[in-house]
Amino acid sequence: MGKNEHIKTIWNGLPYYSLNTWLKQTFGTKVYKLSLHAGMSCPNRDGKLGHRGCIFCSAGGSGEFAAGNDSGNSLAPIEIGKQIEAAKQLIAKKMQPNGLYVAYFQSFTNTYAPVSMLRNLFTQAITRTDIAALSVATRPDCLETEKILLLQELNQIKPVWVELGLQTMHPKTAEFIRRGYPLACFEDAVQRLKAAGLIVIVHLILGLPCESLDQMLESVNYLAHFSPAIDGIKLQLLHILKGTDLAALYEQKPFPIFSLDEYVDFVITCLEYLPPSMVIHRLTGDGPKKLLIAPDWSMDKKRVLNTFTRRFQERDTWQGKNFF
């Protein structure tokens, strides 16, 4: 058996190491993520760093349609147990009666609160028998020592993931999108999270208007060779959403956006440069249909995934092929 065939066996026959494969290997069954809303804000919205958020972010943040957050506003959360049950109902047809879930605190910055509040919210989720792991989306500049110690403590109960929205390694792009923290802050946070034994997943946005393909690939390579190793990555197609400053910019002066074929080819190239051990949590992402301005092809998820499958076969390639 050749190297590629051996890797594909580990990856359940896929040309990349998908989150679904990793979850089944880890927990022995199908596991789904439940998007939850903790009622927190963001230093890019409450005035600490700014009031308008990142240039691409809508009013509801990345968790626009998390259970209990239909309005898209940062509101006090409903009881976490009720959110979990509501989120489970949304995918009930896909799951077995005694299925397992990841409690995903998704909207805004989910460590941007006192430790006492975080302990209460996260404990409500992680102590449930139907929750296999806790995933916390946050910013590297909102991970003070006491918060990492809390996550480390919870990690002794069940696995804890921390998801960081880096988006790009390039300072000029970071300034353009109003990210609000330097690359050194990200690097320090990852070092401390990994030292605490936590799983780290990093988000990159592909298609930001001020970046070339080479610059995007530089961000991918940066994460591919980061030490200590990044555990997982989300490759996010840039979505232009109504009500964002990016949408206003696009309407005033339209900038090039990926076609479906361009995007699929580029993502596959990105995967070729990622280590085979890095779990791929996302290949593209789904924009909320009622807010999406472009690219409209991204709404047809089945077509997108089928295009990925076909293009991998046509290129006879796989994750890690060019990782050295």
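As the structure is a prediction and not an experimental result, all values here were calculated from the model.

This part is about the confidence of the model for the protein chain. This prediction gives the protein chain a mean pLDDT of 91; 92% of its residues lie at or above 70. The low-confidence segment residues 63–76, where pLDDT is below 50, has 34 contacts with residues more than four positions distant or belonging to other chains.

Quick look at the packing of helix α4 (residues 115–126) against helix α5 (residues 145–154) now. Relative orientation of the contacting elements α4 and α5 amounts to 20°, with a least axis distance of 11 Å. Classified by the angle between their axes, α4 and α5 sit roughly parallel to one another. When the axes of α4 and α5 are compared, the crossing they make is right-handed. Counting all contacts with α4, which are made through V115, L118, R119, F122, T123 and I126, the residues of α5 involved are E146, K147, L150, L151, E153 and L154. Grouping the amino acids of the contact of α4 with α5 by side-chain chemistry returns 7 nonpolar, 1 polar and 4 charged.

Here we come to the sheet that holds strand β2 (residues 100–105). The strand order across the open sheet built from 7 strands is β1-β2-β3-β4-β5-β6-β8, with neighbouring strands paired in parallel fashion. Two strands bound the open sheet, and with one partner strand each, they are β1 (31–36) and β8 (279–282). Across the sheet, the axes of successive neighbouring strands diverge by a mean angle of 25°, strand direction being ignored. Each of β4 (160–167), β5 (199–206) and β6 (232–237) touches helix α8 (residues 213–224); the most contacted strand, β5, lies at about 170° to it. Sheet contacts for helix α10 (residues 260–272): β5, β6 and β8; angle to β6, the most-contacted strand, approximately 160°.

Moving on, we get to the side chain of H203. Mapped onto the elements of the fold, H203 is located in strand β5. Reaching out from H203, the side chain makes a polar contact with the side chain of E163 at a distance of 2.7 Å. Among all residues touching H203, those that are not within four sequence positions of it are Y104, E163, L164, G165, L166, Q167 and K234.

With that settled, the discussion passes to the pairing of β6. Along a regular strand, successive side chains alternate from one face of the sheet to the other. Across the 6 residues that make up β6, a large majority, 6, are buried. In terms of strand pairing, β5 meets β6 through 6 bridges, oriented parallel. Within β6, the position partnered with L204 by the bridge is L235. Crossover β5 to β6 through α8 is right-handed. Relative to β8, β6 is paired through 3 bridges, and the arrangement is parallel. Bridging from a neighbouring strand, I233 pairs with I280 of β8.

Two elements in contact, α8 and α10, have axes whose closest approach is 10 Å; the angle formed by their N-to-C orientations is 35°. When the axes of α8 and α10 are compared, the crossing they make is right-handed. Where α8 abuts α10, its residues L213, M216, L217 and V220 lie against F266, T269 and C270. Across the contact of α8 with α10, the residue classes tally to 6 nonpolar, 1 polar and no charged.

As a further point, take unusual backbone geometry. Residue S227 is joined to P228 through a cis peptide bond whose omega torsion reads 5°. Topologically, P228 is positioned in the loop between α8 and β6. Cis geometry is adopted by the peptide bond preceding P295, which originates at A294 and carries an omega value of -5°. Take P295: it is sitting in the loop between β9 (292–294) and α11 (301–315).

Along α5, the residues classified as buried are K147, I148, L150, L151 and L154. Buried residues of α5, viewed axially, fall in a sector of 155°; they line one side. For α5, the elements touching its buried residues are α4, β3 (131–138), β4 and α7 (183–195).

On to empty space enclosed by the protein. Empty space among the atoms can be located by rolling a probe the size of a water molecule over them. Summed over all chains, the structure comprises 1 cavity of 30 Å³ or more. The space that makes up the largest cavity amounts to roughly 40 Å³. In terms of lining residues, the largest cavity is bounded by L206, G207, L237, L238, P256, I257, F258 and P295. Classifying every residue of the lining of the largest cavity by side-chain character gives 7 nonpolar, 1 polar and no charged.

Thresholds, definitions, all that
- Numbering of residues starts from 1 in every chain and runs along the sequence as written.
- Side-chain atom pairs in this predicted model are given and counted only at pLDDT of 80 or more, local residue features only at pLDDT of at least 70, and totals for whole chains, interfaces and linings cover all residues.
- To get the side-chain values, take all heavy atoms of the structure and skip hydrogens and water.
- The pLDDT value expresses, per residue, how confident the predictor is, ranging between 0 and 100.
- It only takes one pair of heavy atoms within 4.5 Å for two residues to be counted as in contact.
- In this analysis an axis means a line fitted to C-alpha atoms, helices contributing only their contacting stretch, and an angle means the value between N-to-C directions, from 0 to 180 degrees.
- Where helices and strands are cited, they refer to DSSP runs of H or I of at least four residues and of E of at least two residues respectively, numbered from the N terminus.
- Small angles under 35 degrees read as roughly parallel and large ones over 145 as roughly antiparallel, with 65 to 115 read as roughly perpendicular and the rest as oblique.
- Take the far helix as your reference; a near helix turned counterclockwise from it by less than a right angle gives a left-handed crossing, and one turned clockwise gives a right-handed crossing.
- Residues are grouped as follows: nonpolar covers Ala, Val, Leu, Ile, Met, Phe, Trp, Tyr, Cys and Pro; charged covers Asp, Glu, Lys and Arg; every other residue, Gly included, is treated as polar.
- Strand pairing is assigned whenever DSSP identifies at least 2 bridges connecting the two strands.
- Contacts described as polar in this section are N or O atom pairs within 3.5 Å, which, within protein, must combine one atom able to donate a hydrogen with one able to accept it, while residues neighboring in sequence count only if both atoms come from side chains.
- For every residue, the accessible area (1.4 Å probe, protein chains only) is compared with the maximum for its type, and the residue is labelled buried under 20%, exposed over 50%, or partly exposed between those bounds.
- The definition of a right-handed crossover adopted here requires that, viewed with the strands pointing away, the path from the first strand over the helix to the second runs clockwise.
- To be clear, the arc concerns the directions from the helix axis to the C-beta atoms.
- The rule is simple: put a 1 Å grid over the protein atoms alone, call a set of points where a 1.4 Å probe fits but cannot get out a cavity, call an open set with protein on both sides within 12 Å along at least five of seven lines a pocket, and count a residue as lining if it has an atom within 4 Å of a point.
- Grid points are joined across faces, edges and corners, and a volume is the space filled by probe spheres set on the points.

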